[in-house]
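# Coordinate inspection notes
Below, each chain spelled out in residue letters.
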Amino acid sequence: MQIIEVTGYAVRSAVITMRRSRTPLEFVIFPMVHVASPTFYSQVRLRLRECDLIVVEGIRGRAAGVSALTLAYRFAPRRRRNGLQEQRDELVLPEGVPVVNPDVTAAEAVADLKTLPRWMYVLLMLAAPVMGLVFALRGPRAFLDEDQVVEDLPSTLRAEMLADNPVEHAMTDRRDQRLLDALGEIYTERGAEPIRVAVVYGAGHVPAIVSGLWDRYGYRPREAEWLIVLVPE
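First things first, this report covers the structure right here in the doc.

## Remarks on the packing of aromatic side chains
This model, assessed by the stated rule, comprises four aromatic pairs. Ring geometry for Phe-40 against Tyr-41: centres 5.5 Å apart, planes inclined by 55°, an arrangement best described as tilted. In terms of burial, Phe-40 and Tyr-41 fall into one category: buried. Pairing Tyr-187 with Tyr-217 gives two aromatic rings, centres 5.0 Å apart and planes at 40°, and the pair type is tilted. Linking Tyr-187 in helix α7 (residues 166-190) with Tyr-217 in helix α8 (residues 206-217), this pair joins segments that are 30 residues apart in sequence. Among the residues examined, Tyr-187 registers a relative accessible area of 19% and is labelled buried. Judged by its relative accessible area of 17%, Tyr-217 is buried.

## What to know about the packing of helix α4 (residues 106-113) against α7
Where α4 meets α7, the axes come as close as 8 Å, and the angle between the chain directions of the two elements is 135°. As far as their axial angle goes, α7 and α4 are oblique. In this structure, α4 meets α7 at a crossing whose hand is right-handed. Only Ala-170, Met-171, Arg-174 and Arg-178 of α7 make contact with α4, whose side of the interface consists of Glu-108, Asp-112 and Leu-113. Class assignment of the residues belonging to the contact of α4 with α7 gives a composition of three nonpolar, no polar and four charged.

Parameters at a glance
- Residues numbered from 1 in each chain as written.
- Predicted model: local features only at pLDDT ≥ 70, side-chain atom pairs only at ≥ 80, totals over all residues.
- Heavy atoms only, no water.
- Phe/Tyr/Trp six-rings, centres within 6.5 Å; stacked < 30°, edge-to-face > 60°.
- Buried < 20%, exposed > 50% of the residue type's maximum accessible area, 1.4 Å probe, protein only.
- Helix = DSSP H or I, 4+ residues; strand = E, 2+ residues; numbered from the N terminus.
- Axes fitted to C-alpha atoms, helices over the stretch in contact; angles between N-to-C directions.
- Parallel < 35°, antiparallel > 145°, perpendicular 65-115°, else oblique.
- Left-handed = near helix turned anticlockwise from the far one by under 90°.
- Contact = heavy atoms within 4.5 Å.
- Nonpolar A, V, L, I, M, F, W, Y, C, P; charged D, E, K, R; others polar.

See the structure below:
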């Protein structure tokens, strides 16, 4: 199943609705990217207004290691000619819809990263700002890279290697577990209610979300809607 699609002319994100037989509660998964066109974020916001609860990503607190990593995507939107925006809550989250954030703290995120070999951790901290400058200079076309593709199961050897690298595990494993536990609590407490629960998380977390809801609770993907993330000029 495609989650983020990259073609020669656009990047698209699949909004996935998951349902369970004889259970009125449904989960709507919004695979997010940190940098996109303003239209993408406005389209997400519009659809979130139709939901009853939003479960949102967002590392809580501050830490130098986390701030260094975010430089990988914070430079590109600052170059106005790129026509891009950085994802921010005020761009995405509508007023009046309850929000839950089960994400880790900054201290927990840094602790996970420091389980990597020291050379790998240092290289990661140094590489992030360099990548950010490259994205800023190349503009939107920097995102038309096959490595930006996200699927529920890797379809190539390279994609499999990227998904199984230790940096990816350090950055996502604890966070995915925390998220799935929170979704499980919502399912247990409100599964009998006819509500739509939006899960607004980075696209890299979505394979774990889909498989976790499937394996733990029997939810299946039933619908998908493509939203255009960006179209380079």
